[in-house]
Amino acid sequence: MQKVKIALLGLGNVGKGVWKILNMNKDEILKRSGYDIEISKILVRDINKERNLEVPKELFTTNFEEIIEDDSIEILVEVMGGVEPAIDYMLQGMRRKKHIVTANKMAIATNAEILFKTSREEGVMFHYEGSVGGGIPIIHGLNDNLVANKIEEVIGIINGTTNYILTKMTHEKISFREALAEAQNKGYAEADPTSDVEAFDAVYKLCILSSLAFDTVVNVNSIYREGITNIKPIDIEYAREFGYVIKLLGIIKEVNGELELRVHPTMIPAEHPLANVNDSFNAIFLKGNAVGDLMLYGRGAGELPTGSAVVGDIVSILRNKDKFAYHTYLENDQYREVRDMEKVQCEYYIRITVKDKPGVLGEISSIFGENNVSILSVIQKGKREEQVSLVFITHSTVEQNINNSINMISALEDSEKIENVIRIENLATN
Ligand code: NAP
Ligand code: HSE
């Protein structure tokens, strides 16, 4: 049995998952990879931190030089997160002919070109299955199993923390803050959870998915982003009344040769399979022109599910260690136009607080009419106090019409506040 030495850069949620899996499934991994994997160094910030894990003290270091200078270490597993020094360490590793495994979507989405170019030039493998969908094998799926297809559409729940929060707010009526704290305790959230709740994390993942699915280079800043911090319990309740569930969706569609790339809270029919993806689960629904509809479902965050993807990548490297593995991501120079959000077409939920006066509903309805927005339903709720809540569901229209209407309604004297505008995707349920 051959031995291989690897180093972990980071021993947080994901690093611990990798450590545990390599220990608990040692025999299977040995049989399947042909290698006895030894973690010979672990880079951390604080050696004395309590980790609730039995790790020999001598493995820890805070000095990356000890790892990069050790030529017996063949694989670096970057699970520290952030852009720097993670990218610098990965590039240094590649230049010393070390293969790299990472779960760092932020680093890939923002610095893909240099990472893939360097791995190609240095002839080392660069694997990143844990970067999207936690334990779901979507990266290898797109890179290998689905390469026969022209992908037409990808719609996914690709952030475990926000899905956990929305699930808890919907089913247990607990507050946003409480649900976020639980997601943090369970190890789903990023070091800075703003990345999750404001949807930056989902945007990084969508960037990686769109590049793979559409063989294109995607600038992460061209992806529309809206987080879940403005979703209130009352919106969830209205959604339920109308037969919808609110999910943070990542959407990639090809429309007239342009790519629609957007991440935002979305109302979807309560009976659609994505509406029943709960807690930290993720699901990626895609359409391929050969495979048809396909949905991949699994734990999208957490130490063992993500560790499963990372260890899978380590084994892939061991199985191909002496060969050069080809990765399509950014191996081309095709840029695709990203569709302007104003051209996006869907139905809309609009909640407005207005003064409770005769004629207000009429004024607002006229504005929608002037802008070619047709109303499907309207609900007015209030207690005959000074203000009432008006909720509109529109027929399908382009976003520009909605934006123009909202601007005009905001300027009305009797309109107090546009509380929320949520896109509705009436996904087919059969
Ligand atoms: P984490 O719990 O915050 O752990 C980060 C680890 O990296 C810690 O052990 C920390 O050391 C170490 N570290 C950070 N910066 C360092 C530096 N400059 N020098 C040395 N060590 C440093 O993070 P995580 O949740 O495991 O996430 C790690 C990566 O996986 C991120 O890229 C994240 O986006 C990605 N990811 C996470 C999940 C998940 O469910 N959590 C799922 C998929 C992908 P100390 O322990 O000493 O502080
Ligand atoms: N913070 C991320 C999430 C981790 O909640 O989905 C998995 O990438």
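Residues numbered from 1 in each chain as written. Chains lettered and ligands numbered in written order. Predicted model: local features only at pLDDT ≥ 70, side-chain atom pairs only at ≥ 80, totals over all residues. Heavy atoms only, no water.

**Some remarks on the sheet that holds strand S1 (residues 2-9)**
Thinking step 1. Sheet architecture is open: six strands sit in the order S3-S2-S1-S4-S5-S6, paired in parallel fashion. Each edge of the open sheet is held by one strand with a lone partner, namely strand S3 (60-61) and strand S6 (126-127).
Thinking step 2. Bridge count for S1 against strand S4 (residues 73-78) is five bridges, and the pairing is parallel. Each residue of the ladder has a partner; that of Ala7, found in S4, is Leu76. (Pairing = 2+ DSSP bridges. Helix = DSSP H or I, 4+ residues; strand = E, 2+ residues; numbered from the N terminus.)

**Comments concerning the site of ligand 1**
Thinking step 1. Asp46, Lys49, Arg51, Glu190 and Gly302 are the nearest of the 25 residues found near ligand 1.
Thinking step 2. Separating a nitrogen atom of ligand 1 from a backbone N or O atom of Gly187 is a distance of 3.0 Å.
Thinking step 3. Taking Glu190, its side chain carries an N or O atom lying 2.6 Å from an oxygen atom of ligand 1.
Thinking step 4. Within the complex, the protein chains bury 88% of what would otherwise be the 900 Å² of accessible surface of ligand 1.
Thinking step 5. Here the residues of the shell around ligand 1 sort into 10 nonpolar, nine polar and six charged. (Near = heavy atom within 4 Å. Polar contact = N/O pair within 3.5 Å; in protein donor to acceptor, adjacent residues only side chain to side chain. Areas by Shrake-Rupley, 256 points an atom, 1.4 Å probe, with all protein chains shown as cover. Nonpolar A, V, L, I, M, F, W, Y, C, P; charged D, E, K, R; others polar.)

**Examining the site of ligand 2**
Thinking step 1. Taken together, the residues surrounding ligand 2 are Lys105, Asn159, Gly160, Thr161, Tyr188, Ala189, Glu190, Asp196, Asp201, Lys205, Gly300 and Ala301.
Thinking step 2. The backbone of Gly160 places a nitrogen or oxygen atom 2.7 Å from an oxygen atom of ligand 2.
Thinking step 3. Side-chain polar atom of Thr161 to an oxygen atom of ligand 2: 2.6 Å apart, as the coordinates give it.
Thinking step 4. Here ligand 2, which alone exposes 250 Å², has 94% of that area covered by the protein.
Thinking step 5. When contributions to the shell around ligand 2 are tallied by element, the ones reaching two or more residues are helix H7 (160-172) and helix H10 (200-213).

**A short note on the environment of Met341**
Thinking step 1. Relative to the assigned elements, Met341 resides in the loop between helix H12 (303-319) and strand S13 (345-355).
Thinking step 2. Among the residues examined, Met341 registers a relative accessible area of 14% and is labelled buried.
Thinking step 3. Along the backbone, Met341 and Leu259 are 82 residues apart, and their C-alpha atoms lie at a distance of 11 Å.
Thinking step 4. Beyond its immediate sequence surroundings of up to four residues, Met341 is in contact with Tyr224, Arg262, Glu399 and Arg423. (Buried < 20%, exposed > 50% of the residue type's maximum accessible area, 1.4 Å probe, protein only. Contact = heavy atoms within 4.5 Å.)

**Notes on the pattern of salt bridges**
Thinking step 1. With the rule as written, the count across this model stands at 31 salt bridges.
Thinking step 2. Between Glu74 and Lys321 there is a salt bridge, and its shortest N-O distance comes to 2.6 Å. Placement of Glu74 in strand S4 and of Lys321 in the loop between H12 and S13 is noted, with a sequence separation of 247 residues between them.
Thinking step 3. The class of Lys321 is buried, set by a relative accessible area of 16%.
Thinking step 4. Between Glu226 and Arg423 there is a salt bridge, and its shortest N-O distance comes to 3.1 Å. Of this pair, Glu226 sits in the loop between strand S8 (224-225) and helix H11 (233-241) while Arg423 is found in strand S17 (residues 415-424), placing the two residues 197 residues apart along the sequence.
Thinking step 5. We classify Arg423 as buried; its relative accessible area is 5%. (Salt bridge = Lys/Arg side-chain N within 4 Å of Asp/Glu carboxyl O.)

**What about the side chain of Asn104?**
Thinking step 1. Turning to its location among the elements, Asn104 is positioned in the loop between strand S5 (99-102) and helix H5 (105-122).
Thinking step 2. Sequence-distant contacts of Asn104, defined by excluding residues within four places in its chain, comprise Glu78, Gly81, Gly82, Ala86 and Ser131.

**Observations regarding the nonpolar core**
Thinking step 1. Phe126, Ile138, Leu142 and Val154 are the most contacted members of the largest nonpolar core, which totals 75 residues.
Thinking step 2. Among the nonpolar cores identified, the runner-up in size contains 30 residues, and Val4, Ile75, Ala103 and Leu318 belong to it. (Core = buried A, V, L, I, M, F, W, Y, C linked by side-chain atoms within 4.5 Å.)

**Considering the pairing of strand S2 (residues 35-43)**
Thinking step 1. Of all the nine residues making up S2, eight are buried; the element is thus mostly covered by neighbouring parts of the structure.
Thinking step 2. By the bridge criterion, eight bridges tie S1 to S2 in an arrangement that is parallel. When the sheet's bridge partners are listed, Leu8 is paired in S2 with Ile42.
Thinking step 3. Bridge analysis of S2 against S3 gives two bridges, and the strand direction is parallel. Across the sheet, residue Leu43 finds its bridge partner in S3, namely Thr61.

**Thoughts on the pairing of strand S7 (residues 151-157)**
Thinking step 1. Of all the seven residues making up S7, six are buried; the element is thus mostly covered by neighbouring parts of the structure.
Thinking step 2. Bridging between S7 and strand S11 (residues 281-288) involves six bridges; their strand directions are antiparallel. Following the sheet pairing, Glu153 is matched in S11 by Lys287.
Thinking step 3. Relative to strand S9 (residues 244-255), S7 runs antiparallel, the two sharing four bridges. Following the sheet pairing, Gly156 is matched in S9 by Gly250.

**A short note on the packing of aromatic side chains**
Thinking step 1. Considering all chains together, one arrives at eight aromatic pairs under this definition.
Thinking step 2. Aromatic pair Phe116 and Tyr128: ring centres 5.5 Å apart, planes at 90 degrees, arrangement edge-to-face. In this pair, Phe116 sits in helix H5 while Tyr128 sits in the loop between S6 and helix H6 (138-145), placing the two residues 12 residues apart along the sequence.
Thinking step 3. What makes Phe116 buried here is its relative accessible area of 1%. (Phe/Tyr/Trp six-rings, centres within 6.5 Å; stacked < 30°, edge-to-face > 60°.)

**With respect to the environment of Val344**
Thinking step 1. Take Val344: it is sitting in the loop between H12 and S13.
Thinking step 2. According to the relative accessible area criterion, Val344 is buried, its value standing at 0%.
Thinking step 3. Residues Val344 and Arg262, spaced 82 residues apart in sequence, show a C-alpha to C-alpha distance of 9.7 Å.
Thinking step 4. Sequence-distant contacts of Val344, that is, excluding residues within four places in its chain, are made with Glu260, Arg262, Thr397, Val398 and Glu399.

**Remarks on the side chain of Asn159**
Thinking step 1. In this structure, Asn159 sits in the loop between S7 and H7.
Thinking step 2. Of the polar contacts made by the side chain of Asn159, one reaches the side chain of Asp201; its length is 2.8 Å.
Thinking step 3. Excluding residues that lie within four positions of it along the chain, Asn159 makes contacts with Asp196, Asp201, Ala202, Lys205 and Asn282.

Geometric values such as these leave the question of function open.
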